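Take a look at the letters that make up each chain.
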Amino acid sequence: MQPKNMMKKKSTSASKASLLLFLCQMISALDVPLDLSQPPTITQQSPKDYIVDPRENIVIQCEAKGKPPPSFSWTRNGTHFDIDKDAQVTMKPNSGTLVINIMNGGKAEAYEGVYQCTARNERGAAISNNIVIRSSRSPLWTKEKLEPNQVREGDSLVLHCRPPVGLPPPIIFWMDNAFQRLPQSERVSQGLNGDLYFSNVQPEDTREDYICYARFNHTQTIQQKQPISVKVLSVDSLNDTIAANLSDTDIYGAKPVTERQPILLTPTGSTSNKVELRGNVLLLECIAAGLPTPVIRWIKEGGELPANRTFFENFKKTLKIIDVSEADSGNYKCIARNILGSTHHVISVTVKAAPYWITAPRNLVLSPGEDGTLICRANGNPKPSISWLTNGVPIAIAPEDPSRKVDGDTIIFSDVQERSSAVYQCNASNEYGYLLANAFVNVLAEPPRILTPANKLYQVIANNPALLDCAYFGSPKPEIEWFKGVKGSILRGNEYVFHDNGTLEIPLAQKDSTGTYTCVARNELGKIQNEVQLEVKDPTMIIKQPEYKVIQRAGQVSFECTIKHDPTLIPTVIWLKDNGELPDDERFLVGKDNLTIMNVTDKDDGTYTCIINTTLDSVSASAVLTVVARPNPPFDLELTGQLERSIELSWIPGDENNSPITNFLIEYEDGLHEPGVWHYQTEVPGTQTTVQLKLSPYVNYSFRVIAVNEIGRSQPSEPSEQYLTKAANPDENPSNVQGIGSEPDNLVITWESLKGFQSNGPGLQYKVSWRQKDFDDEWTSVIVANVSKYIVSGTPTFVPYEIKVQALNDLGYAPEPSEVIGHSGEDLPMVAPGNVQVHVLNSTLAKVHWDPVPLKTVRGHLQGYKVYYWKVQSLSRRSRRHVEKKILTFRGNKTFGMLPGLEPYSSYKLNVRVVNGKGEGPASPDKVFKTPEGVPSSPSFLKITNPTLDSLTLEWGSPTHPNGVLTSYILKFQPINNTHELGPLVEIRIPANESSLILKNLNYSTRYKFYFNAQTSVGSGSQITEEAVTIMDEVQPLYPRIRNVTTAAAETYANISWEYEGPDHANFYVEYGVAGSKEDWKKEIVNGSRSFFVLKGLTPGTAYKVRVGAEGLSGFKSSEDVFETGPAMASRQVDIATQGWFIGLMCAVALLILILLIVCFIRRNKGGKYPVKEKEDAHADPEIQPMKEDDGTFGEYSDAEDHKPLKKGSRTPSDRTVKKEDSDDSLVDYGEGVNGQFNEDGSFIGQYSGKKEKEPAEGNESSEAPSPVNAMNSFV
């Protein structure tokens, strides 16, 4: 749909209306002020032809002005009418208007006649037109006996009305007894004379109540003619009548209705004449008879029908030309035509003209001794004659005046004197009418006077004409001059226009035109001036016009109309719809500068206009609203051209609802197989309303059509009639035929069944055929019912078969189907891959090779190979651990693969298995391989204690993952001054078997930064950093400080813990980033005052740097620590969390813990404390013995601390660090599918999960949490 923006803008100004007023004043006579002597002037009179209502009083108007006030007299039919002698007639006071009292017994007919009024004073007499008074008449119809009209079908008929002659003539119309207008058409219509014309009658024209009515508007009465009866005799009824009246030997009968060429019923003959007066409406009529009904056409011989003034009425039987002129004279031809021929009639039109003015005489004001002229010029057809009167008397017999001379249509005055004052009448007449005009000659000697009020304010819009009035009078006629400002210079030039009536015109007023203007009038008798004010305003403008809108039904639309106007003008905004008022509906909301329509309906479609009016101008803008909706559903579906396999469907589109229909969807229903279910058939463009549809056999079709436009889909049409096609053989066979065995000794043949309408007939079945491929065996076939699967048993394992499935029904088979290849069932592979070789590429990656197995031993579709590998033990720690097998699958016939994510310096085993659709084959013999050493991880912790004036004690833990044999530790340290500048770096190599060091000869009261890492033969591992301060004067260490930052990392998260010394209620935060990266540190806020935090969302196998800070401590932060997340884990062989035995074990552990808690609760309720020091001493590893934070004593479990976490009795180190090596014994080892070792709160997951295989820890490498059993033993 093309958007059509019907915006228009118009601007009218009040100054333009003033311009028209002033121009009228310019061409009018100079008005004499009423306080000066002047002859009478007729100001109001009744029309020349005055038809009165006989039931009301007759009022004949005659008003005049003059100085002194005039007296009035009347003539009737040319003689004096003495109103004093007739009691029914009165004259209004100070007026010449007559009132004839009819309502009190007078009769209007008695006062019919020609009346003329005379107004007279000492300076002359003026007369009115001849006023013809006639009484309105509405006579009754004369009684007449109307015979019924019997007319043969197809003949023409005229029903005459012949209304009574009234005054004025009545309006004619035809109705029935129920006062309903009789329908009219090209065949039946009413003529200008009121008769009812039938071009040809039909049986439905038979009726007995054709009634002609005459309405007399003047008396508001309607007269009714007697009903006229019409009986149309059809051919069949005429034959029945003839047959009843004739003997059997007569063979006469009525002729059938025959067609006839046109003949004119009116006007008659071939030519006629018509005379019409200029300015009237010309009506020409032609009504023709004929069968078929003739069509009328009009032409003007030798010319064209006048444009914009020509109209056709009464089904083109009447030609109407308005405001005719002499140029419209000529021959007009009407042509009546039907299929049998034509006829015509020529009307010769002559346009005559009653007299009309060319120059009407105008009042003449002269001063004594001046000259002047009165001109009276008129035209007409025939040309009118001009006659002059003076004071109502023909000038030929009027008293002579030496100052005047009559010259045809002009009277010339010279050297007039006061006695020359008089009223002159000019009469122009011909046979079609007359014109009468009064014009006086008034001789006065008067100084100038200005009639415009002083200081009158004129307001105009910029760039419009400004007209400043200076109405004046004086005799002789004064001269007018204009000035701007009180003392300004005289105005001259092209930018001003000076009119004869004194008006000053500024064609294009600007803002600087504002000001005071002075008008000066002077003649030989004096001088006078007047000031007026001009204000030029800014125009009103629409700065945001309403825009073309397309809206869906039930939507909301808003038109904006933002304006800018002069601040001194008050605008009013009016909204119109289709140039009329807005509907009285609450859905239309008119705002300050917008119109909103809620819940739009189809009736809201149209043009909306906002009009802004001020006292000086008006602007408007319009926009079109188009309401769109989904189309209405198609209708009148019709099926044609029915064939066995095709049919044509046609329909009529519904209303498109202002959005063109883009396409039609055709759907069908199969009432035989799927009643009530509609399927897509096809679609066609929106310009198409028929379609040829392909059909399938044995389907009971119904169709429906859906129209679609941009808005959406219509409702479906009503279904078409049903059409059942004949049954036939199937046209197609089942699709997606497959042969796949479900067991080693069978073949399962499957296919997609034909849909109901694809069966083409009743009794649908399938012929299933198969034979072993590459053998010359005959096909084995079976016919099955309408199913989609057949199982062949007793087949060899994994043998290819040729398969085909053919459809058939009661009428026969489908075409020969194509063959597909399938296989009987698979079995597990028989042999394992051989010659398995492992090549270790580096400490974390190895490559494995194997020989492929023979395809015959696969006994199925080769899907690939699986490599099982697992870590036997770490070569640096002789601890045995739970065996966790990992699996890598290599698709297809690959013979090698990479094993990523290996742990350095470890011993591994692997085997390889072949995989088919049934499962895995036997495993190859286990292959052992070892990974070389790698660089170690960072030391598990670094603690700095016992600060003195010149020494610090360093303690550390071995790396969580040594990844080889440790050769030494590297310690680097350097001092830090108050501006955080670093001093010289000192490096110390420490033997691998050491776990502490005392640094001496340090500077007192100095902060040092330490860097600590471990080494293997391969190289140095990640370092850990810490800061510490030597004391000054043996005082306590500086506070606050954060120390012993330790990390324990998993694949995607890490547990950070630290020790804090300083004021209570510190708020901590953790900053971290990728080690070696220049990116900004990422910051995480720690909730509460906890001394641990879990970093989540880390990348596996990545080195990170981390530090801890305290809010509000002048930016104090700990030293940096570096840690590395674990590598991404390969897939596990078994998810242990889903194993029944493991779930049972966990339930038993939970039950034991519950019993333990109950026992503790009972004992504690008895009071007392339960020292656990002895239990703790039983453990040899001092690293895992909890210490009190203040004095290093062992913690006790008391009633006072029941509400606290078992922090001091836990096996977590006192510095709240968690050693990284513990992650090796997490739930991951049991196939839980969890890669991490810690809960979000930093506690061990391993505390409540036992190990399958445990060995005593060697050295200080093991820091395992106790099992639940050990936990219970510690309480007893």
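Please refer to the structure higher up on the page.
Everything numeric here is computed off the predicted structure, so don't read it as measured data. (Residues numbered from 1 in each chain as written. Predicted model: local features only at pLDDT ≥ 70, side-chain atom pairs only at ≥ 80, totals over all residues. Heavy atoms only, no water.)

Visitor: Looking at this structure, how should I read unusual backbone geometry?
Guide: Backbone phi values are negative for most residues with the exception of glycine, while trans is the configuration of most peptide bonds. Each neighbour pair has its own omega, and for Leu167 with Pro168 the value is -5°, a cis peptide bond. Along the chain, Pro168 falls in the loop between strand S14 (157–159) and strand S15 (171–175). Pro476 follows Ser475 through a cis peptide bond whose omega is 5°. As for its position among the elements, Pro476 is in the loop between strand S42 (472–475) and strand S43 (479–484). Positive phi is not limited to glycine here, since Asn657 has a value of about 55°. Within the secondary structure layout, Asn657 lies in the loop between strand S59 (646–652) and strand S60 (663–670). Overall, the relative accessible area of 7% leaves Asn657 in the buried class. In this structure, Asn835 takes a positive phi of about 55° despite not being glycine. When its relative accessible area of 46% is taken as the criterion, Asn835 is described as partly exposed. (Helix = DSSP H or I, 4+ residues; strand = E, 2+ residues; numbered from the N terminus. Buried < 20%, exposed > 50% of the residue type's maximum accessible area, 1.4 Å probe, protein only.)

Visitor: I'm lost on a negative patch on the surface in this one. Help?
Guide: On the surface, Asp636, Glu638, Glu648 and Glu721 cluster together to form a negatively charged patch. Among the structural elements, Glu721 can be located in the loop between strand S63 (700–708) and strand S64 (723–724). Judged by relative accessible area, which is 49%, Glu721 ranks as partly exposed. (Patch = residues over 30% accessible without salt bridge, like charges linked within 9 Å, V, L, I, M, F, W, Y side chains within 5 Å. Areas by Shrake-Rupley, 256 points an atom, 1.4 Å probe, with all protein chains shown as cover. Salt bridge = Lys/Arg side-chain N within 4 Å of Asp/Glu carboxyl O. Lys, Arg positive; Asp, Glu negative; His and termini not counted. Charge placed at Lys NZ, Arg CZ, Asp CG, Glu CD.)

Visitor: So what exactly am I meant to see when it comes to the pattern of salt bridges here?
Guide: A side chain with one charge can pair with a side chain of the opposite charge if their charged atoms come near. On inspection of all chains with the given rule, the structure shows 34 salt bridges. A salt bridge links Asp409 to Arg377; its shortest N-O distance comes to 3.4 Å. You can see Asp409 sitting in the loop between strand S35 (404–407) and strand S36 (410–413) and its partner Arg377 sitting in strand S32 (residues 377–381), a full 32 residues away along the chain. Using a relative accessible area of 39% as the deciding quantity, one classes Arg377 as partly exposed. Between Glu920 and Lys866 there is a salt bridge, and its shortest N-O distance comes to 3.0 Å. Residue Glu920 is found in the loop between strand S78 (906–916) and strand S79 (927–930), and its partner Lys866 is found in strand S75 (residues 862–874); the two are separated by 54 residues along the sequence. Here the salt bridges do not stand alone but share partners, grouping Asp176, Arg207 and Asp209 into one network.

Visitor: Can you help me understand the state of the cysteines in this one?
Guide: By definition, a disulfide is the covalent link that joins the sulfur atoms of two cysteine residues. A full pass over the atoms with the stated rule returns six disulfides. At a sulfur-sulfur separation of 1.6 Å, the disulfide partner of Cys376 is Cys426. Its S-S torsion of about -70° marks the bond between Cys376 and Cys426 as left-handed, since a negative value means left-handed. Placement of Cys376 in the loop between strand S31 (372–375) and S32 and of Cys426 in strand S37 (residues 422–430) is noted, with a sequence separation of 50 residues between them. A single burial state applies to Cys376 and to Cys426, both of which are buried. Note on cysteine connectivity: Cys561 is disulfide-linked to Cys610, with sulfurs 2.0 Å apart. Its torsion about the S-S bond being 55°, the disulfide of Cys561 and Cys610 is classed as right-handed. (Disulfide = S-S within 2.5 Å.)

Visitor: Whenever I open this one, the environment of Ser995 confuses me. Can you help?
Guide: Along the polypeptide, Ser995 turns up in the loop between strand S83 (986–991) and strand S84 (996–999). A relative accessible area of 38% means that Ser995 is categorised as partly exposed. Ser995 sits 53 residues away from Leu942 along the chain, and the two C-alpha atoms are 9.7 Å apart. Not counting chain neighbours up to four residues away, the residues in contact with Ser995 comprise Leu954, Glu955 and Trp956. (Contact = heavy atoms within 4.5 Å.)

Visitor: Looking at this structure, how should I read a nonpolar patch on the surface?
Guide: Nonpolar side chains collect at one region of the surface, where Leu1151, Leu1152, Leu1154, Ile1155, Ile1158, Val1159, Phe1161 and Ile1162 lie side by side and expose about 740 Å² of accessible area between them. Summarising the element assignment, Leu1151 is placed in helix H4 (residues 1140–1165).

Visitor: Which parts of the structure should I look at to understand the nonpolar core?
Guide: Grouped together as the largest cluster of nonpolar side chains are 29 residues, with contacts concentrated most on Ile58, Ile60, Trp74, Ile100 and Tyr115. Contributing elements (two or more residues each) for this core: strand S4 (58–60), strand S5 (62–67), strand S6 (71–76), strand S9 (98–100), strand S10 (113–121) and strand S12 (131–135). At three residues, the largest contribution of residues to this core is made by S10. Once residues lying within four places of it in the same chain are set aside, the contact partners of Ile100 are Asn57, Ile58, Ile60, Gln88, Val89, Tyr111 and Tyr115. (Core = buried A, V, L, I, M, F, W, Y, C linked by side-chain atoms within 4.5 Å.)

Visitor: Can you help me understand the sheet that holds strand S26 (residues 310–313) in this one?
Guide: Think of a sheet as strands paired side by side through backbone hydrogen bonds, with each pair either parallel or antiparallel. Spatial ordering of the open sheet is given by S23-S27-S26, a layout of three strands whose pairing is antiparallel. Every other strand in the sheet has two partners, leaving strand S23 (282–285) and S26 as the edge strands with one partner each. Here the strands of the sheet are splayed against their neighbours by 20° on average, with no regard to which way each runs. Examined bridge by bridge, S26 and strand S27 (residues 318–321) share four bridges and lie antiparallel to one another. The residue of S27 that forms the bridge with Thr310 is Ile321. (Pairing = 2+ DSSP bridges. Axes fitted to C-alpha atoms, helices over the stretch in contact; angles between N-to-C directions.)

Visitor: I would appreciate a short explanation of the sheet that holds strand S38 (residues 433–443) in the present structure.
Guide: One open sheet holds the five strands; their spatial order is S30-S38-S37-S33-S34, and the pairing between them is mixed. Since the sheet does not close on itself, it has two edges, and those belong to strand S30 (364–366) and strand S34 (393–394), each with one partner.

Visitor: Is there a simple way to explain the pairing of S31 in this structure?
Guide: One face of the sheet, then the other: side chains in a regular strand alternate in exactly this way. Along S31, the buried face is formed by Gly372 and Leu374; none of Thr373 and Ile375, which line the opposite face, is buried. The sheet contact formed by S31 and S36 spans four bridges and is antiparallel. In the strand pairing of S36, Thr373 is matched with Ile412.

Visitor: Looking at this structure, how should I read the pairing of S36?
Guide: Pairing between S35 and S36: four bridges, direction antiparallel. By the bridge assignment, Arg404 is partnered in S36 with Phe413. Here S35 folds back onto S36 in antiparallel fashion, the turn holding two residues, of which Gly408 has a positive phi close to 65°.

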